[in-house]
Amino acid sequence: MKFVDEAKIRVEGGKGGNGCISFLRLKYMPFGGPDGGDGGDGGSVWAVADANLNTLADFRYTRLFKAQPGVNGQGSNCTGAAGADLDIRVPLGTRIFDDGTEELIGELTRDGQRVKVAQGGSRGLGNPHFKSSVNRTPYKATKGSPGDVRELRLELSLMADVGLLGLPNAGKSTLLASVSAARPKIADYPFTTLYPQPGVVAVGPSRSFVMVDIPGLIEGAAEGAGLGIRFLKHLQRTRLMLHLVDVMPPDGSDIVANIRTINAELKAFSDELAAREQWLVFNKIDVMPEAEWQALVKQALKKLRWKGRWFAISAASHAGCDELAEAAMQWVETHAPSATPTLSAEASAPVAATPVKRNRAAPRRTSAEPVPNKDLGRNVTRSTRARRSKASKRPLD
């Protein structure tokens, strides 16, 4: 299925049901009065995150989503049924914008998360609501209000732990295919990858992370050159970026200049993205002797004054890929977002349960014990109350 990360749809909330004008007419009730029921509320439209979806391709064919309208009220004070809500399933990482005002309506990042995108209409009122002392037969009822109608723009940003970036033909797709079960398109020409390609990297039992391959960037991408900024937004969902560098570019360019070009595009797109954790990964070390690529890498790190982590690998021969995957896995585990709020030491300390002691010295209540009598305003014994009850039931002389 073709990857689609942008879509425009139209959503309409259900119309509310109309109120009813009706009067009770029975044989022995000539003045029965109004009995028109209210209408039902219209259904609303909700966007629901679904972890089983990974693209917005379904919205290429279905663009109109209408919730069910409410049922009109009927006689005998019968209220119309409310319209059913409509759920629109979208993948995780979907951002919903109002296409007219550019307002961000919501962002779905958790499975099952719901955002209301169109409110259903309110119900109409039946004629009993307009009955008064001077108007016993109101011929008036209100209509249900229409639901919200909105033009929405859906933008999908893939959620991944690790993102791959670099110039075209830097070996990003080859690395993803080497460490995961993903099979992205690999060829010897630029812009082979046209759509982001995610893959799950399994490092060991119950240890894995998601890696996404981003199409290659070139100078001026932040202004629309090449594939433009369409795929730069996917890097905003990643926590760690692996910057792949070809140690022997086919065009003979300087690798230091190539690294600075990519980082300049990241900064032009977003300062927050440029400041995110980034590792340099020198790829294709199998095309030259070890001494040459080591000297080349050492010189590049010195010119860049690089203080972060770096790796030297060959995605084609799988050299160094396992070490890179293990280091990325450890980083992801170390920087995993906290699922539950951290409690203070005082709040998290267990509280000892205090046993409830029964007062064994308290005597049990006997039948002759005084019992409060609210009617008499004084205490009487149970036997006295019983005698008075029997006396009250005697027949009068």
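In the block above lies the structure referred to throughout.
Residues numbered from 1 in each chain as written. Predicted model: local features only at pLDDT ≥ 70, side-chain atom pairs only at ≥ 80, totals over all residues. Heavy atoms only, no water.

(A) Expanded view of the nonpolar core. Formed by 31 residues in total, the largest nonpolar core has its most connected members in Ile-9, Val-11, Phe-59, Ile-88, Ile-96 and Val-117. Elements represented by at least two residues in this core include exactly strand 1 (6-12), strand 2 (45-50), strand 4 (86-91), strand 6 (104-108), strand 7 (114-118), strand 8 (149-156) and helix 2 (255-269). (Core = buried A, V, L, I, M, F, W, Y, C linked by side-chain atoms within 4.5 Å. Buried < 20%, exposed > 50% of the residue type's maximum accessible area, 1.4 Å probe, protein only. Helix = DSSP H or I, 4+ residues; strand = E, 2+ residues; numbered from the N terminus.)

(B) Just the pattern of salt bridges, in detail. All chains considered together, the criterion is met by 17 salt bridges. For Asp-87, the salt bridge identified is with Arg-114, shortest N-O distance 3.3 Å. Linking Asp-87 in strand 4 with Arg-114 in strand 7, this pair joins segments that are 27 residues apart in sequence. Take Asp-87: its relative accessible area is 33%, and that puts it in the partly exposed class. Residue classification places Arg-114 among the partly exposed positions, given a relative accessible area of 39%. Of the charged contacts in the structure, one is a salt bridge between Arg-207 and Glu-326, with a shortest N-O distance of 3.3 Å. Of the two residues, Arg-207 sits in strand 11 (residues 207-213) while Glu-326 sits in helix 5 (residues 321-334), which places them 119 residues apart along the sequence. Taking relative accessible area as the criterion, Arg-207 reaches 23% and is therefore assigned partly exposed. Through salt bridges with shared partners, a single ionic network connects Lys-8, Asp-99, Glu-102, Arg-153 and Glu-155. (Salt bridge = Lys/Arg side-chain N within 4 Å of Asp/Glu carboxyl O.)

(C) Just the packing of helix 2 against helix 4 (residues 290-304), in detail. Interaxial distance between helix 2 and helix 4 falls to 9 Å at its minimum, and their mutual angle equals 45 degrees. Judged by the angle between their axes, helix 2 and helix 4 are oblique. Crossing handedness for the pair helix 2 and helix 4: right-handed. Packed against helix 2, whose contacting residues are Ile-255, Val-256, Ile-259 and Arg-260, the element helix 4 presents Leu-296, Ala-300, Lys-303 and Leu-304 at the interface. Across the contact of helix 2 with helix 4, the residue classes tally to six nonpolar, no polar and two charged. (Axes fitted to C-alpha atoms, helices over the stretch in contact; angles between N-to-C directions. Parallel < 35°, antiparallel > 145°, perpendicular 65-115°, else oblique. Left-handed = near helix turned anticlockwise from the far one by under 90°. Contact = heavy atoms within 4.5 Å. Nonpolar A, V, L, I, M, F, W, Y, C, P; charged D, E, K, R; others polar.)

(D) View of the packing of aromatic side chains. For the structure on display, the rule yields four aromatic pairs. Here Trp-279 and Phe-311 contribute two aromatic rings whose centre-to-centre distance is 5.5 Å and whose plane-to-plane angle is 40 degrees, an arrangement assigned as tilted. With Trp-279 in strand 13 (residues 278-283) and Phe-311 in strand 14 (residues 310-312), this residue pair connects regions lying 32 residues apart in the sequence. Phe-311 carries the same exposure label as Trp-279, and that label is buried. The lysine or arginine in question, Arg-309, covers the ring of Trp-279, its NZ or CZ lying 4.7 Å from the ring centre. (Phe/Tyr/Trp six-rings, centres within 6.5 Å; stacked < 30°, edge-to-face > 60°. Lys NZ or Arg CZ within 6 Å of the ring centre and 35° of its normal.)

(E) Looking closely at the sheet that holds strand 9 (residues 162-165). Judged by pairing direction, the sheet is mixed, and its six strands sit side by side in the order 10-11-9-12-13-14 without closing on themselves. Each edge of the open sheet is held by one strand with a lone partner, namely strand 10 (197-204) and strand 14. Within this sheet the neighbouring strands show an average axis-to-axis angle of 25 degrees, counted without direction. Across the sheet, helix 5 lies against strand 9, strand 10, strand 11, strand 12 (240-246), strand 13 and strand 14, angled at about 105 degrees from strand 11, the strand it touches most. (Pairing = 2+ DSSP bridges.)

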